[in-house]
Amino acid sequence: MSRGPLIAVALAAALLGAASIVAWSAFQSLDAPLRVSSATRFNVAPGASFAHVAKQLAAQGIVTQPKAWIVYARLKGLAPAVKAGEYEIIPGATPRELLIKMVNGQVLLHSFTIVDGWRVQDLLEAMRRSSEIVSTLPEQMPLSERCATIMVKLGAPGTSAEGQFLPETYRFAAGSTDIELLRSAHTALVRELDAAWASRDPDLPLHTAEELLIMASIVEKESGLPQELAKIAGLYLHRVAIGMRLQADPTVIYGLGEGYDGAIHTVDLRTDGPYNTYTRVGLPPTPIALPGAAVIH
């Protein structure tokens, strides 16, 4: 064989070897840490292709071998399975791990806490201030209309929104709406209330789960100290049982609404109204706050 063909074969072998080394190096990058020095958030837009996602991360300097990442995702059949959402990239994570995270939809979850004893008005205002929750209820809409709209959307038209959301911390993905979060809190409240009502003492002087919720809201506003709950609940339940007026200051305050100036005056106690338990026997028409699970039980 002449030297020409031998040189050509040797050159081809060298090129093939070099290409193999490059390919091997590229695929090795799939298990090398991504270039982030601290937890970094990244958003995968709805409908975005994996190739687009890889190029975005490469443009930010996070992924060093986007083409190898794309080829790997396509070979594994994972590229079409990437889900939209906000992701958090932790230092030390690899492209392979990030891909699996996006395929599994392990989006970054935010948290929002509903505080025991809040009124529904407090809840709606806190949600509106949260930058992570998408507001769908017009701010200019009167509170009563907003509450009515909420309960219609939750499938409970005609129900007072007061007391209908369980205080606890909820986890949700970015882009979640106020109604979605309220639905979770309402479902949790119904579950807690139903369980408490099903296991109630047969001598409980209340006739419905709604009455239980109203009573729990009064006890919640009377004291937030766990060690006092049973004593206060027992006192009010005894008054209900003997037909005595509750004489609960929190109901009077709730009835005053914006007219409450920080103190209860004699005229407030003597002015009759649906929430004045000094002038009326029995429970007020609706809860006066959002009671926590401990108070309900």
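For clarity, every value in this text was computed on a predicted model and none was experimentally measured.

A. The packing of helix α8 (residues 209-222) against helix α9 (residues 226-241), seen in detail. It is at 10 Å that the axes of α8 and α9 come closest, and there the two elements cross at 135 degrees. Relative to α9, the element α8 is oriented oblique. In the crossing of α8 with α9, the sense of the turn from one axis to the other is right-handed. Contacts from M215, I218, V219 and E222 of α8 reach α9 at L229, I232, A233, Y236, L237 and V240. Of the residues assigned to the contact of α8 with α9, the class counts are nine nonpolar, no polar and one charged.

B. Geometry of helix α6 (residues 143-153). Listed in full, the buried residues belonging to α6 are R146, C147, I150 and M151. Projected onto a plane normal to the axis of α6, the buried residues spread over an arc of 130 degrees and lie on a single side. The outward face of α6, more than 90 degrees from its buried face, is lined by the exposed residues S144 and V152. For α6, the elements touching its buried residues are α5 (120-129) and α7 (178-198). Directly after α6, the chain includes G155, whose backbone phi takes a positive value near 80 degrees.

The rules we used
Residues numbered from 1 in each chain as written. Predicted model: local features only at pLDDT ≥ 70, side-chain atom pairs only at ≥ 80, totals over all residues. Heavy atoms only, no water. Axes fitted to C-alpha atoms, helices over the stretch in contact; angles between N-to-C directions. Helix = DSSP H or I, 4+ residues; strand = E, 2+ residues; numbered from the N terminus. Parallel < 35°, antiparallel > 145°, perpendicular 65-115°, else oblique. Left-handed = near helix turned anticlockwise from the far one by under 90°. Contact = heavy atoms within 4.5 Å. Nonpolar A, V, L, I, M, F, W, Y, C, P; charged D, E, K, R; others polar. Buried < 20%, exposed > 50% of the residue type's maximum accessible area, 1.4 Å probe, protein only. Arc of directions from axis to C-beta.

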